[in-house]
Structures are given as C-alpha cells and as structure tokens.
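Analysis of the macromolecular model
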Amino acid sequence: MNRREFLKRSIVVVAGMAVPTAALELIDPKKLLAAKPELRWVFLVDTHSCVGCGFCVKACKIENEVPYDANVTRTWVERYVITKDGKTHIDSPKGAINGFTSPKIDIGQGHTKEIKDEDIVQSFFVPKLCNQCENPPCVQVCPVGATYQTADGVVLVDRKWCIGCGYCIMGCPYGVRFFHPTFKVAEKCNFCYHRISKGMKTACVDACPFGARRIGNLRDPNDPVTKIIMTERVAILKEEYGTKPQVYYLGLSKEVR
Amino acid sequence: MVHGEAWTIKEFFTYPNEYIYWTIQIVMYPFMTGLVAGAFVLSSLYHVFGVKQLKDIARFSLVFSFALLPVAMMPLMLHLQQPQRGIEVMMTPHFTSAIAAFGIVFSTYGMIVAAELWFVYRQHFVETVHELKAKPNRTAWESFLVPLYSVLTMGAWDISEHALEKDEKAVKFLAGLGIPVACFLHGYAGFIFGSVKANALWMTPLMPVIFICSAVVSGIALCIVTYVVCMELRKLIFNWKRKQNPDLPTTEELKSVEVHVVTMTVKYLIMFLILAITLELLDLIFRGYTAVKSWDILRSVIYEKDFTKIFILQYTFGNLIPFILLLMPRLTVRRAVVGTLMVLLGVFMMRWNVVIGGQAFSSSFAGFMEYHLPFWPHDMETFKEGFFGALMVAVTPFVLFFCLSRILPVFGHKGGH
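Computed from a prediction, not measured in an experiment: that's the story for all the values here.

On to the packing of helix α2 (residues 55-79) of chain B against helix α4 (residues 101-134) of chain B. All names here are of chain B. Where α2 meets α4, the axes come as close as 10 Å, and the angle between the chain directions of the two elements is 140°. For the pair α2 and α4, the sense of crossing is left-handed. For the pair formed by α2 and α4, the contact residues are R59, L62, V63, S65, F66 and L69 on the first element and G110, V113, A114, E116, L117 and V120 on the second.

Right, dumping it as structure tokens:
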C-alpha cells in the first residue's frame, strides 16, 4: 500500500466510524430528559407590591456570602421617579441594601439630585435579579465551560473552574454578574440553588414582607406562580436580546431598563 | 474593594454591578495581536507575492512577528482573575465561546511562523556551523552557537541547490498559509467584541474586518519604525567601533536605511489604512442613520464624552495627519517615521475607543462610566491593570526581538530567502 492509498483508506475508516458515533449524540438519554424535565424554575416579581425596603438585598448578601459592604450584589432594587417633563430618574444606592432612605436621587460619586414632590407624576420600585435565561449569553461566551445551565433552568458558576476573564460579565445585558471580591471568580444570583433544591424558598422570597417576590415551577400547571404567568399580563426585561428571561414582572413600565 | 471599583467613575444610573471590567490589558491584547498579524502579512508580501523591494524588511518582520507572538498572550494572563487557570482555555475549550478558539488558532499560527523561520534560517544555521567548526579559536559565544545551531538544524544538513529550492517552496507555502491564519487570529479577536450582543457599541459584523485592517496597518507601521531605528542604531554602533578599529567597514559600506524599502512599505500601509478608515466611518454613519434604541447613549459617548479620544486623537492625529504626511511627494525616512508613529497612536486609540468606549456607558442606557488608568500602582491589581503593566507588555517584544536577533540575524545577511 502506498502513502496515497493509506491516506485514502484512513479517511474512509474515520468517516465510517463517525456515523455510528453520531447516533450516540442523537439518542443521549440525558439530553432527552432535559428536553422535557419536570422542573423549570421561574421567578415572579410584582412591582406593585415592592416598597423598596431592601430586605431582599440584605437577606441575599448574608445568605450567599457576598461581603456586606462591597459595592456588588446578586440582587438589587431600582427606584424610578418620573417627572412632569417626561424625564425618568433612576437610582439604586448600594443596590438599595438599606432601602431608600432619602427622597433625593443618587446620581453617582456621592452626588444627589433633588426632585420636588409636585413635579413627580409617577414613581415605583423594580427588584432585579438574574433572569436565568432560557438562552443564556453568559453560558455561550464562557471559554472554559465554567458557567452552565442546569436541567431545571438555573445558570450556575463553577468557582473551581472559572478563570476570571470577565467575558460573561460583558455578555450579560442585565448586569447581574460581577467578580466575587473574595473568591475572585464570576458571581451571580442562582435563585439560591442550595435552598430551592432542598424544597426551601430563596432568601429574598423569604425576606420580602410584601410578597413582591415569588418563585415557582413553570412545568407545574397548578403552581400559583405558573398560574399567574399563564393567566395574567406579565412582561420580561430586554426581550430584544433574544435571551428568553425567566423572571416575569407584573406591572412593568416602559421606563424600566 | 471590588474588582474595577478602583478605576471606575460612575455617573447617573448604572447597574450596581457595572464597572469597567475590561481595562488597559484588553486594549493591549488586540493591539499586540494586531502587530503580530500585521508584521507577518508584511513579510508574506515578499515571500508569496514576490514584492522584491520588501526583501530586506521581510526577514526582519518575520522574526519580529515571532518575537511579538508570546506577547499577545501576556495581556490576557495579566487580566485574568485566576491566571493559574488560564491553561484551561487550551485544555477544556468551550467552543460556543469566541475566546475558546484562542488556543487552537494561536498555536497553529505560532507553529506556522516557527516553521517558516526554520526554513528561512536553515541555510544560515548549516553554513555558520561549518564555518565555526573550521575556526581554530572560537569565542565563548561562538562555542555556544555551534551546538545550538546544530540542534536547530534538526539533522537537515543538506544545503545543495536542490534542497534550498525546496526550502524556498516551503517558505512560500507557509507564508501563503500564514496569511489567512494571521487574519483569522486577528479577525477572531474582533469577533470576541463584535459578537457581544449585550454591548451596543461592540456589536457589529464589521468588527472582525475592521480589526484585521487596522491590525495590518499597525503591524506594518511598527515594522517600519523598528526597522529604521535598528538601522540607525547599527550605524551609530559601527561609527563608535570604528574609532577604536579603523579597519572596520564605513557606514556607507554598511546597508543603511534604504528609502525605497520604506516608501514601498508605506504604500501598503496607506492601502490598508484607507480600507480601515472606510469601514470605521461606514460603521459610524450606519449607526447614526439607523438610530436604533442604543443610538441616544452611543451618540453622547461618541460625540461628547469621548470626542477628544475619537475625533482628535484617533481620526485626526492617528489617521488624517499621518495620511497627509505619508502621501505628500518626496517622502523622507524621517517623515515616514513620524507618520508611522502617529499611525500607531491612531490604531492604539482605536483599540482604546472600542474596548474602553464600549464600557463608557451603562447597559441600562441611563448612565456613564469613566475609566481612570491607574498610574502609580498601590497593589498587584493596579499594577497589572495599570500603566506599568501595559508598559511591561509594550516593552517585552523589543527585548525578545533583541534576544532572537542574536541567534537569527536579521540584517546584512546576503543570500538566503
């Protein structure tokens, strides 16, 4: 057999072997199961009920060991103040960990802006957290697969594998990711995965005195959260990015970023 | 302190977790890879397309490209929060990520450049070994070179006419193969940014092409500058040596900077410069014309916040003025050097305006972030991602080039390819 012949035959053998191997991929039982799992975590935020107390932020920081005073947080609350001139003023001082103690709007670097009560036409609070997207861009861009989506829809980070490149932070349109000040790896809200997988609620849901935050299973038609999502008019954030977020909002206004 | 807090100044509403996470090192990364790719393309112009006038600079830029290669990786390592895990990108690449291709593209490219270098220098290795072996009393350096070169020949001692012809063919093939790979190496650096849908400034399919064009521009520019500087230094050193030893050849006998090499190279630089500017302006005009949701905030970043950096430093000082300088008739070496230095500034500012400019606004589109480059480091982080870290990255290729050129001489070598 000469070299040309050998190469030709090798190609045929490799190609022939590739066909049955591809079948393994097609009938991967894990994938089949994941296609229709019995559990898909969803979150429901009722913006009408939120008063901006910040208990959720506090509870989250303590539960998830994010340094209390660090200027990063897995969840936060935004305040929207809309004035007569049509302008929208938004702030979230320290993620609203201490609530909103001043009527002045925080505009960064220690500066505030005062808005007269009579100029305000509308104001409300919007809690934010990871959207656990159906099509998560952060998972797509991770170069080493350190962040991944579980079968029940939650996006997790492997702290032992993350290289800390920050690509996922750049890839998230919602700004929910950051570098953990202690572990120096990507960090994000994971719906308190250690709690929900044991039948508990997330720390923020438990801490909310007004029921503005709720968690449920989208695959269970009898789940009260699922019922609301199915029957009421709910909205999601930044639909245009095609990420298919799984945090639904009641009473979301067009001003919300 | 949270990563990024030390150098980020926030204005109006930004999400609590938003900081400038990608800093000076991520500006250096595409800048350095651009230089690698550009230097290689320049050397290929001679090897593949037979542009004879570039013969002198071709060998030089090939060695320089090789010296720049490890430096393309440095800024990434300095930027990682867990640099000790950086190797995972090679070991467990997650192929839906643009960065995951880095290991494969980078090592393929490295091997091509190394192989091409070997074919170019094989004749030199063999000849030098024979020459030195015949020499009765060798210096310590020469005694070191003999085993080194012997190993580097890898047993291929044949330098007959026929063998050298084969070498030349291999060089041509590798240089040809290297062009698309070099473009891919850099185009994909553009893809890393262009594919981030969450970033309104970055997301454009033009990004990879813009990156390739500006890469070639910067690579050629750096090669011209370094080439001229090296030639001038050689003249200086020889003049100084001649004072002690008048038997040495005069500067005129040495090959000095040849104006025609510079003018020829500058022509290619201008071609790519025009292409790069056209694409960048097209991108800008298109954004303004379509004016989608993000345009309001982009406009205030481009025309207000970053006006000086974009329109003065990048377009005026980095593109327009050097363009005029290089196009004016009767180009002198001095003018060419000034022009190319300005081009380098322009490309650097373009990288800056993409990387830092892309983070100058909040993804809420309701606030801004400003980057303050840490100058004097007060901890490891402000060193790595500050002025001195960047300086270290910028200086390393020259040090490497110096060391490499001891072994692979780039000047005054007659014959060879």
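Let us look at the confidence of the model for chain B. For chain B, the average pLDDT comes to 89, and 96% of its residues sit at 70 or higher. This prediction of the complex comes with two scores: 0.88 for pTM and 0.88 for ipTM.

Further remarks concern the sheet that holds strand β3 (residues 88-91) of chain A. Residues and elements named next belong to chain A. With antiparallel pairing, three strands are arranged side by side in an open sheet as β3-β2-β6. Only two strands of the sheet have a single partner each, and these edge strands are β3 and β6 (120-128). When the angles between neighbouring strand axes are averaged without regard to direction, this sheet yields 20°. Bridging between strand β2 (residues 76-83) and β6 involves eight bridges; their strand directions are antiparallel. When the sheet's bridge partners are listed, R79 is paired in β6 with F125.

Before going further, it helps to examine the interface of chain B and chain A. Each side of the interface is counted separately: chain B has 37 residues, and chain A has 41 residues. Contributions of two or more residues to the side of chain B that touches chain A are made by β1 (8-12) and α3 (88-91) of chain B. Ranked by the residues each element gives to the side of chain B that touches chain A, the list is headed by β1 of chain B, at four residues. Looking at side-chain class alone, the side of chain B that touches chain A contains 17 nonpolar, 13 polar and seven charged residues.

The next thing to look at is helix α3 (residues 55-63) of chain A. Considered for burial, the residues of α3 of chain A that qualify are F55, C56, V57, K58, C60 and K61 of chain A. Trailing α3 of chain A by a residue or two, E65 of chain A shows a phi angle of about 55°, which is positive.

Attention shifts here to the sheet that holds strand β11 (residues 213-217) of chain A. Residues and elements named next belong to chain A. Strand order in the open sheet made by the four strands is β11-β1-β13-β12, with mixed pairing throughout. Whereas interior strands pair on both sides, the edge strands pair on one side only; in this sheet they are β11 and β12 (234-235). By the bridge criterion, two bridges tie β12 to strand β13 (residues 247-250) in an arrangement that is antiparallel. The partner of A235 across the bridge, within β13, is Y249. Lying over the sheet, helix α8 (residues 224-231) contacts β1 (41-46), β11, β12 and β13, oriented at roughly 95° with respect to β11.

Turning our attention to unusual backbone geometry. Note on backbone geometry: most residues besides glycine have negative phi, and most peptide bonds are trans. Residue and element names in this part refer to chain A. A positive phi is found at K184, a non-glycine position, where the angle reads about 55°. Topologically, K184 is positioned in the loop between β9 (178-179) and β10 (186-187). The partly exposed category is assigned to K184, around which 16 C-beta atoms lie within 10 Å. With a phi close to 55°, F191 is a non-glycine residue in the positive phi region. On the secondary structure map, F191 appears in the loop between β10 and α6 (193-196). Residue class for F191 comes out buried when judged on the 28 C-beta atoms lying within 10 Å of it.

Residue and element names in this part refer to chain B. Running from amino to carboxyl end, helix α1 (residues 24-47) crosses helix α11 (residues 333-355) at an angle of 140°, the nearest separation of the two axes being 9 Å. By the angle between their directions, the pair α1 and α11 is classed as oblique. Here the hand of the crossing between α1 and α11 comes out right-handed. Residue-level inspection shows I26, V27, P30, F31 and G34 of α1 in contact with α11, the latter providing V347, F348, R351, W352 and V355. Across the contact of α1 with α11, the residue classes break down as eight nonpolar, one polar and one charged.

About the thresholds
Residues numbered from 1 in each chain as written. Chains lettered and ligands numbered in written order. Predicted model: local features only at pLDDT ≥ 70, side-chain atom pairs only at ≥ 80, totals over all residues. Axes fitted to C-alpha atoms, helices over the stretch in contact; angles between N-to-C directions. Helix = DSSP H or I, 4+ residues; strand = E, 2+ residues; numbered from the N terminus. Left-handed = near helix turned anticlockwise from the far one by under 90°. Contact = placed C-beta atoms within 7 Å. pLDDT = per-residue confidence, 0-100. Pairing = 2+ DSSP bridges. Nonpolar A, V, L, I, M, F, W, Y, C, P; charged D, E, K, R; others polar. Buried ≥ 20, exposed ≤ 12 C-beta atoms within 10 Å, placed from the backbone. Parallel < 35°, antiparallel > 145°, perpendicular 65-115°, else oblique.

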